[in-house]
Amino acid sequence: MTSIDKTGCQLCGVTFNINRIRTRSEPRSSAWGNSYTSKHNSREWVALSGGDAQECPDGSCASVYRGRPPGELKFCLRLYEDDPDDASYVYESDEEDEPLEYDSNAEDDDGDEVTEEENEMGSSQSQESDTEEEYKWFFNASGLDPQPEYDTEFLPLSAPYDDEGGAEDEDIGVDHHIMALPTARRYEHIAGPGCCNLRGYHGDRITLDEMIDCHTVQGLYKKTSDWTPSDDDMDFERESKNYHLTGLSDCMPPNGGDVKCAPIRGGADWFHASNLSDTWKDLFGWGTYVLPFHPTCFEIFIRISKQQMGRVSLDSLMKLESTASRSMFGERHPDIVDARNKGWKWACLLDTEYLAANPVFISGFREICDAAISDAEDFDSQSSPFPERPEKQDVSVVQDDPFLKLPTELKHTIAWHLGSKDIASLRMASRAFYHLPMTLWHTLMVREMPWVYEAWCDDPTPYPWAMADASYLKQMREREEAYTAERTRRADVLKANEPDFYPIWEENEPKSPPLSPELEAQTRLFREKKRAMAPVRLPRDRTNWYQLYTDIKANEDKLKGLRNRKRIWGAVGEIVQNVKKCWEAELVEINTPFAIMEVDG
Ligand SMILES: [Zn+2]
Ligand SMILES: [Zn+2]
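No experiment lies behind these values; they were computed from the predicted model shown. (Residues numbered from 1 in each chain as written. Chains lettered and ligands numbered in written order. Predicted model: local features only at pLDDT ≥ 70, side-chain atom pairs only at ≥ 80, totals over all residues. Heavy atoms only, no water.)

Notes on the overall build of the chain
Quick note on the threshold: A helix here means a DSSP run of H or I that spans at least four residues, while a strand means a run of E at least two residues long, and both kinds are numbered starting from the N terminus. Note on exposure labels: buried denotes an accessible area under 20% of the residue type's maximum, exposed denotes more than 50%, and partly exposed covers the range between, all computed with a 1.4 Å probe on protein chains only. Any two residues whose heavy atoms approach within 4.5 Å at even a single point are treated as in contact. To be clear on the numbers: accessible area is Shrake-Rupley with a 1.4 Å probe, and residue cover counts the displayed protein chains and nothing else.
For the chain, the helix and strand inventory stands at 22 helices and 9 strands. Going through the 601 residues of the chain one by one, you find that 50% of them count as buried. Contacts in the chain between residues far apart in sequence, at least 24 positions, make up 76% of those at least 6 positions apart. When the accessible surface of the chain is split by element, carbon and sulfur atoms take 53% of a total near 29400 Å².

With respect to the coordination of the zinc ion (ligand 2)
Spelled out, the test is: Each metal site is built from N, O and S donor atoms within 2.8 Å (3.2 Å for Na, K and Ca), and since water is not included, such sites may look incomplete.
In this structure, Cys56 (SG), Cys61 (SG), His189 (NE2) and Cys195 (SG) serve as the protein donors to the zinc ion (ligand 2), at separations of 2.1 to 2.4 Å. Within one chain, the residues serving as donors to the zinc ion (ligand 2) are arranged as C-x4-C-x127-H-x5-C. One end of the pair, cysteine 56, is in the loop between α1 (52-55) and β2 (62-65); the other, histidine 189, is in strand β3 (residues 187-190), and 133 residues separate them in sequence. A relative accessible area of 2% places cysteine 56 in the buried class.

Here we look at the packing of helix α8 (residues 295-309) against helix α21 (residues 560-591)
What counts here: Orientation is described by lines fitted to C-alpha atoms, with helices fitted over the stretch in contact, and by angles between N-to-C directions that extend from 0 to 180 degrees. Each angle is binned into one of four classes, with values under 35 degrees roughly parallel, values over 145 roughly antiparallel, values of 65 to 115 roughly perpendicular, and all other values oblique. Left-handed is the label given to a crossing in which the near helix is rotated counterclockwise from the far helix by less than a right angle, and right-handed is the label when the rotation is clockwise. Classification convention: Asp, Glu, Lys, Arg as charged; Ala, Val, Leu, Ile, Met, Phe, Trp, Tyr, Cys, Pro as nonpolar; all other residues, Gly among them, as polar.
One can describe the packing of α8 onto α21 by two numbers: an axis separation of 9 Å at closest approach and a directional angle of 55 degrees. In terms of axis orientation, α8 runs oblique to α21. As for the relative orientation of α8 and α21, their crossing is right-handed in sense. Here Cys297, Ile300, Phe301, Arg303, Ile304, Ser305, Gln307, Gln308 and Met309 of α8 lie close against α21, whose contacting residues are Arg565, Ile568, Trp569, Val572, Gly573, Ile575, Val576, Gln577, Val579, Lys580 and Trp583. Along the lines of polarity and charge, the residues of the contact of α8 with α21 split into 12 nonpolar, 5 polar and 3 charged.

Some details on the sheet that holds strand β8 (residues 268-273)
Selection rule: Any two strands between which DSSP finds at least two bridges are classified as paired.
Read from one edge to the other, the open sheet built from 5 strands follows the order β6-β5-β9-β8-β7, with strand pairing classed as mixed. Every interior strand has two partners, whereas the edge strands, β6 (243-245) and β7 (259-265), have only one. Between one strand and the next, the sheet's axes are offset by a mean angle of 40 degrees, whatever the strand orientation. Pairing geometry for β8 and strand β9 (residues 289-293), over 2 bridges, is parallel.

Digging into the coordination of the zinc ion (ligand 1)
Keep this limit in mind: Site shape is set this way: if four donors have all angles between 85 and 135 degrees, tetrahedral; if opposite donors are over 155 degrees apart and all others between 65 and 115, square planar for four donors and octahedral for six; otherwise irregular.
Taken together, Cys9 (SG), Cys12 (SG), His294 (ND1) and Cys297 (SG) make up the full set of protein donors to the zinc ion (ligand 1), lying 2.1 to 2.3 Å away. Between the 4 donor atoms coordinating the zinc ion (ligand 1), the angles at the centre fall across 102 to 116 degrees, so the site counts as tetrahedral. Sequence spacing among the residues donating to the zinc ion (ligand 1) works out to C-x2-C-x281-H-x2-C.

A word on the pattern of salt bridges
Stated formally: Salt bridges are counted wherever a side-chain nitrogen of Lys or Arg sits within 4 Å of a carboxyl oxygen of Asp or Glu.
Scanning the entire structure with this criterion turns up 30 salt bridges. Between arginine 199 and aspartate 52 there is a salt bridge, with its nearest N and O atoms 2.9 Å apart. With arginine 199 in the loop between β3 and β4 (201-202) and aspartate 52 in helix α1, this pair connects stretches of sequence that are 147 residues apart. Here aspartate 52 falls in the buried class, since its relative accessible area comes to 0%.

Section: the nonpolar core
Worth spelling out the cut-off: Only buried residues count toward a nonpolar core. Its members are Ala, Val, Leu, Ile, Met, Phe, Trp, Tyr and Cys residues joined through side-chain atoms within 4.5 Å. In this entry, domain limits derive from an automatic or database-based domain assignment.
Counting 104 residues, the largest nonpolar core has Phe298 and Phe301 as the members making the most contacts within it. No other element matches the 9 residues that α21 contributes to this core. Split by domain, this core shows at least three residues from each of two domains, domain 1 (1-17 + 213-364 + 562-601) and domain 3 (373-462 + 536-561). Apart from the residues within four sequence positions on either side, phenylalanine 298 is in contact with Leu11, Phe236, Leu245, Phe293, Leu314, Leu317 and Tyr463. Among the nonpolar cores identified, the runner-up in size contains 12 residues, and Val46, Cys56, Cys61 and Leu157 belong to it.

Quick look at the packing of helix α11 (residues 365-372) against helix α20 (residues 545-554)
Contact geometry for α11 and α20: axes closest at 8 Å, N-to-C directions at 155 degrees. By the criterion of interaxial angle, the relationship of α11 to α20 is roughly antiparallel. The hand of the α11/α20 crossing is right-handed. Contacts between α11 and α20 involve Phe365, Ile368, Cys369, Ala371 and Ala372 from the first element and Gln547, Leu548, Asp551 and Ile552 from the second. Residues of the contact of α11 with α20, tallied by class, amount to 7 nonpolar, 1 polar and 1 charged.

Comments concerning the packing of aromatic side chains
Geometry of an aromatic ring pair is reported as the spacing of the ring centres plus the angle between the planes. Operational definition: The aromatic pairing rule takes the rings of Phe, Tyr and Trp, using the six-membered ring of Trp, and pairs them if the centres are within 6.5 Å, calling planes under 30 degrees apart stacked, those over 60 edge-to-face and the rest tilted.
By the definition in use, this model includes 13 aromatic pairs. Here the aromatic rings of tryptophan 441 and tyrosine 546 are separated by 4.9 Å at their centres, their planes lie at 80 degrees, and the arrangement is edge-to-face. Here the residue tryptophan 441 occupies a position in helix α15 (residues 439-448), and tyrosine 546 occupies one in helix α20, the gap between them amounting to 105 residues. A relative accessible area of 4% means that tryptophan 441 is categorised as buried.

Details of empty space enclosed by the protein
Operational definition: With a 1 Å grid laid over protein atoms only, a set of points is called a cavity when a 1.4 Å probe fits there but cannot get out and a pocket when it is open yet has protein on both sides within 12 Å along at least five of seven lines; lining residues have an atom within 4 Å of a point. Grid points are joined across faces, edges and corners, and a volume is the space filled by probe spheres set on the points.
Scanning all chains against the criterion turns up 3 cavities of 30 Å³ or more. What the largest cavity holds in volume is close to 100 Å³. In this structure, the largest cavity is lined by 17 residues; those nearest its centre are Cys214, His294, Leu355, Ala356 and Ala357. Those elements that provide at least two residues to the lining of the largest cavity are α8 and α21. In the lining of the largest cavity, the residues fall into 11 nonpolar, 5 polar and 1 charged.

Here you go:
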């Protein structure tokens, strides 16, 4: 990440706009090529471009015809109104697929004219800011379709480039015929085993579960003058002089502006992403500018802050800044630098898929942890994890081994000072060290892999916003806003036309929309999935630390989320050091006002 980029996670450096190219066996919902909008509002796919066939030369990739991309459809809706062939045209609802059970007679009053106006508004405003548009998008959204859609008709990557659609320019490798561009956008790139496309991570290299929440954004918002504590505040929000957490967004717009979050917390209805320090923001009165991050990265920030400072300081974090001349968010990892430099926005380089893997809810890690925890009655973490060795072999060597004469305490003292490689060598060299207690590997884990905080913290449960379902929260907000707008409209009509009936209606009409069983079921599934992957506490005396240690080592490449956690632990550790310096400087200021005056004077 270049230091001034503000639309990525400021803690881990990874963009929120991560694309995914599905394989032939995955459903349409597992691919997305435009994560600037909410998934339930229809995301596009990674479309074909002129260079695709050359980029993926082994012929294993394919394409699928998808019709007009949702963004284009939205923009050009009126132009295409009469196109009966357009598969994606269904989004503009007929009465037939009007699923708004509480919206009985809205159509009658509005008529066609209003619909056209709405379309015009939709084409000139961002989807994030138009209530009428959201209303339509939400209730016709593919996100609510519980049936995954698979494709069977696969075309070559050259499919859009025929006589009609345009041609590829052989000299400069781009679309020669300008008309080939919109045509190619209707085709989705499908990854084969030899796919080299860098515009999305490939389905065969990283699973959907591993990528869970890679688009989720949260930020720190300036407390307004009328800010009051609420029940869901974290301690550090109450303690903070100036900042509190926003709700969540399930997407980040390309310029970082107008990010709508849910629920609305304090004054944070929407925000702009920024990584300037609050000194700058104060100067310009930028109360709505927030520091954006993944909730899971903030979870790591909380863990390290508590470990290093005994507290979480939002005010000091907001003093950090990232500008062209200085970045207090630290050096970025080489893989981040490469992703930023080898593409227009974010290059999904092969073998760096782990950058998009969730570092807290780690697919496959929970199983390894659970397997190391024992509830057997005779389990003793002080015992050796190794089987007894037959006594017959190497009698002479055994007799010559001077370490055998050492008392156990001394042997343990030696072992406890060694690293894992030396311990392995020592166990090979001397039978005196063949048996060592499992807790030795607990010490090794804490020392060598501090990011496996399950091994040392009392409660690894993530803070509530990392556990939450951003998509659900956003959809709930949209539902409520659409419902309230419609309710107000109907109230106005009744007040004017049926003044006697209005008070009765007002009293009986629900103030919020009915729950959507589909949406509730979706979020239940999502939360269950996250709970199943959530970090689990490893009791010190019930865990086979040797088994856990070796299982982690053996699966290092497979556990992408853990690899990412290791990277983020280093990056956030550096940030916490800077936060700590700010915080300590402030403490000095508060505690020694006279000293400061002297210095200033
Ligand atoms: Zn992050
Ligand atoms: Zn490919």
